[in-house]
There are 2 protein chains.
Amino acid sequence: MVKRKTDHQVQLVEKLRGGEGAATVERLLMPAELCEKSPLFAKITLQPGSSIGYHIHEGEMEAFYILSGEAEFLDKQETVTLSPGDSTLTQSGEGHSIKSVGNTPLELIALILYK
Amino acid sequence: MVKRKTDHQVQLVEKLRGGEGAATVERLLMPAELCEKSPLFAKITLQPGSSIGYHIHEGEMEAFYILSGEAEFLDKQETVTLSPGDSTLTQSGEGHSIKSVGNTPLELIALILYK
């Protein structure tokens with residue numbers, strides 16, 4: 001099955017997880033298409049200054065893969081700067097937040113897998 | 001956990017699945033990091049003319065998300081052209097192949113999930 005970019009479900013979510021600004025969430029595939037193994041396989045775009053607030057994942061893990069832009073990523077208690085090509089992993093029981101801190105939009109792939 | 005681009009395992013695989021040329025497989029996370037739910041979450045790069053040969057997935061599904069370049073994708077019996085932003089899904093029991101047909105490298109995200 002092929003899904004064109006224009007077929008993807010796109011949502012603009014304000015203050016995602018209590019963050020600042022808005023996040024554009026483009027679902028590359030829907031949960032039902034992913035055999036219910038994953039609630040989210042998406043490209044997320046955050047304009048400069050926008051963020052996804054700190055939250056803890058329970059019963060699932062989330063990976064990010066940075067496509068473009070620059071991010072400030074809070075990994076449990078540590079803040080690190082991410083660049084294109086970097087990836088992150090937040091296991092069940094752990095928390096994270098991410099903010100777009102460059103001059104261009106932060107684009108990333110987000111993948112959540114049920115534990 | 002943060003994995004820098006330089007921390008990723010990168011393999012150059014010749015004639016992947018019987019295809020032409022070589023594929024660069026950069027694993028964004030390793031299977032053990034993905035709770036053994038996924039054997040592959042990777043960025044794959046195919047130089048122009050290179051391909052991943054036709055193969056059938058059994059007991060797992062695979063998604064592609066095109067980042068750059070142009071692809072000729074054989075989806076079961078139908079050949080379609082893919083551009084950046086398009087995604088594909090190959091369910092268990094189905095087959096696919098993909099070839100880099102543009103003038104620039106084809107880059108894609110590949111995600112396999114066990115059924």
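Residues numbered from 1 in each chain as written. Chains lettered and ligands numbered in written order. Predicted model: local features only at pLDDT ≥ 70, side-chain atom pairs only at ≥ 80, totals over all residues. Heavy atoms only, no water.

Honestly, the nonpolar core in this entry has me stumped. Any pointers?
In globular proteins that are soluble, nonpolar side chains generally tend to be buried together. If you look at the biggest cluster of nonpolar residues, it comprises 22 residues, and the most contacted ones within it are Phe41(A), Ile109(A), Phe41(B) and Ile109(B). When contributions to this core are tallied by element, the ones reaching two or more residues are strand 3 (22–29), strand 6 (60–68) and strand 11 (106–114) of chain A together with strand 3 (22–29), strand 6 (60–68) and strand 11 (106–114) of chain B. For Phe41(B), the contacting residues outside a window of four places in its chain are Phe41(A), Ala63(A), Ile109(A), Leu111(A), Glu26(B), Arg27(B), Leu28(B), Leu29(B), Leu34(B), Ile109(B), Ala110(B) and Leu111(B). Counting 19 residues, the second-largest nonpolar core is a separate cluster that includes Val25(B), Leu46(B), Ala71(B) and Leu106(B). (Core = buried A, V, L, I, M, F, W, Y, C linked by side-chain atoms within 4.5 Å. Buried < 20%, exposed > 50% of the residue type's maximum accessible area, 1.4 Å probe, protein only. Helix = DSSP H or I, 4+ residues; strand = E, 2+ residues; numbered from the N terminus. Contact = heavy atoms within 4.5 Å.)

What is the right way to read the packing of aromatic side chains from this model?
In this description, an aromatic ring pair is defined by two values, namely the gap between the centres and the angle between the planes. Residue and element names in this part refer to chain A. Within the structure shown, the criterion is met by two aromatic pairs over all chains. Seen from their ring centres, phenylalanine 64 and phenylalanine 73 are 6.1 Å apart, and the 80 degrees between their planes marks the pair as edge-to-face. The two residues phenylalanine 64 and phenylalanine 73 agree in class, both being buried. (Phe/Tyr/Trp six-rings, centres within 6.5 Å; stacked < 30°, edge-to-face > 60°.)

How should the interface of chain A and chain B be read in this particular structure?
Size of an interface: often given as the accessible area lost when the parts come together. Listed as interface residues are 38 residues of chain A and, on the opposing side, 38 residues of chain B. Broken down residue by residue, the surface that chain A buries against chain B is led by Met1(A), Tyr65(A) and Ser87(A), which jointly contribute 19%. At the junction of chain A and chain B, the tally comes to two salt bridges. Among the salt bridges present, the one from Asp86(B) reaches Arg4(A), with a minimum N-O distance of 2.8 Å. (Buried area = accessible area lost by both parts, 1.4 Å probe. Salt bridge = Lys/Arg side-chain N within 4 Å of Asp/Glu carboxyl O.)

Purely spatial values, then, with no claim about function.
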